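One-letter residues, chain by chain:
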Amino acid sequence: MINMRQVIDLNTELNQYEVYIQGLRYELDYELLCLHDAMQREEQDAAQMSKKRLFEITDELKQYGEL
């Protein structure tokens, strides 16, 4: 039998997961913007750093089954 504390704990875990995933999506959007800016300014180093971080974020989202 499930008690109320277990329901609250499960709900808290799910909310933390959702908040974390949403944070990754915001970071993904931010890095896309940074990449676009770097490409517009023809800054190769900044573009490479953004691409690297984008790959890291997408890999993490794939691990969670969110992409």
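All values reported here derive from a predicted model rather than from experimental measurement.

## What about the overall build of the protein?
Inference 1: In terms of regular secondary structure, the protein is built from two helices and zero strands.
Inference 2: Seen through its C-alpha atoms, the protein measures out along the principal axes to roughly 60 × 15 × 15 Å.
Inference 3: Across the 67 residues in the protein, those meeting the buried criterion constitute 19%.
Inference 4: When contacts within the protein are restricted to residue pairs at least 6 apart in sequence, long-range pairs at least 24 apart make up 58% of them.

## Points about the packing of aromatic side chains
Inference 1: Summed over all chains, the structure comprises two aromatic pairs.
Inference 2: Seen from their ring centres, Y17 and Y64 are 5.7 Å apart, and the 70° between their planes marks the pair as edge-to-face. Here the residue Y17 occupies a position in helix α1 (residues 4-40), and Y64 occupies one in the segment after α2 (44-63), the gap between them amounting to 47 residues.
Inference 3: Residue classification places Y17 among the partly exposed residues on the basis of a relative accessible area of 30%.
Inference 4: Here the aromatic rings of Y20 and Y64 are separated by 6.0 Å at their centres, their planes lie at 70°, and the arrangement is edge-to-face.

## Some remarks on the pattern of salt bridges
Inference 1: Within the structure shown, the criterion is met by five salt bridges.
Inference 2: Close ionic contact of E66 with R25 constitutes a salt bridge, the shortest N to O distance being 3.2 Å. Here E66, found in the segment after α2, pairs with R25, found in helix α1; they are 41 residues apart in sequence, far enough to count as distant.
Inference 3: Take E66: its relative accessible area is 29%, and that puts it in the partly exposed class.
Inference 4: Judged by relative accessible area, which is 33%, R25 ranks as partly exposed.
Inference 5: E56 is the salt-bridge partner of R53, the closest N and O atoms lying 3.0 Å from each other.

About the criteria used
Numbering of residues begins from 1 in every chain and follows the order in which that chain's sequence is written. Since the coordinates come from a predicted model, pLDDT governs what is reported: local features require at least 70, and pairs of side-chain atoms require 80 or more to be given and counted, while whole-chain, interface and lining totals use all residues. Values shown for side chains rest on all heavy atoms present in the structure; no hydrogens or waters enter the calculation. Helix and strand labels come from DSSP, where a helix needs a run of H or I of at least four residues and a strand needs a run of E of at least two; each type is numbered from the N terminus. Partly exposed residues are those whose accessible area sits between 20% and 50% of the maximum for their type, while under 20% is buried and over 50% is exposed, using a 1.4 Å probe and protein chains only. In this description, contact between two residues means that some pair of their heavy atoms is separated by no more than 4.5 Å. Aromatic pairs are defined between Phe, Tyr and Trp rings, using the six-membered ring for Trp, whenever the two ring centres lie within 6.5 Å; interplanar angles under 30 degrees are classed as stacked, those over 60 as edge-to-face, and all others as tilted. Salt bridges are counted wherever a side-chain nitrogen of Lys or Arg sits within 4 Å of a carboxyl oxygen of Asp or Glu.

From the geometry alone we can't say anything about function, so treat these as descriptive.
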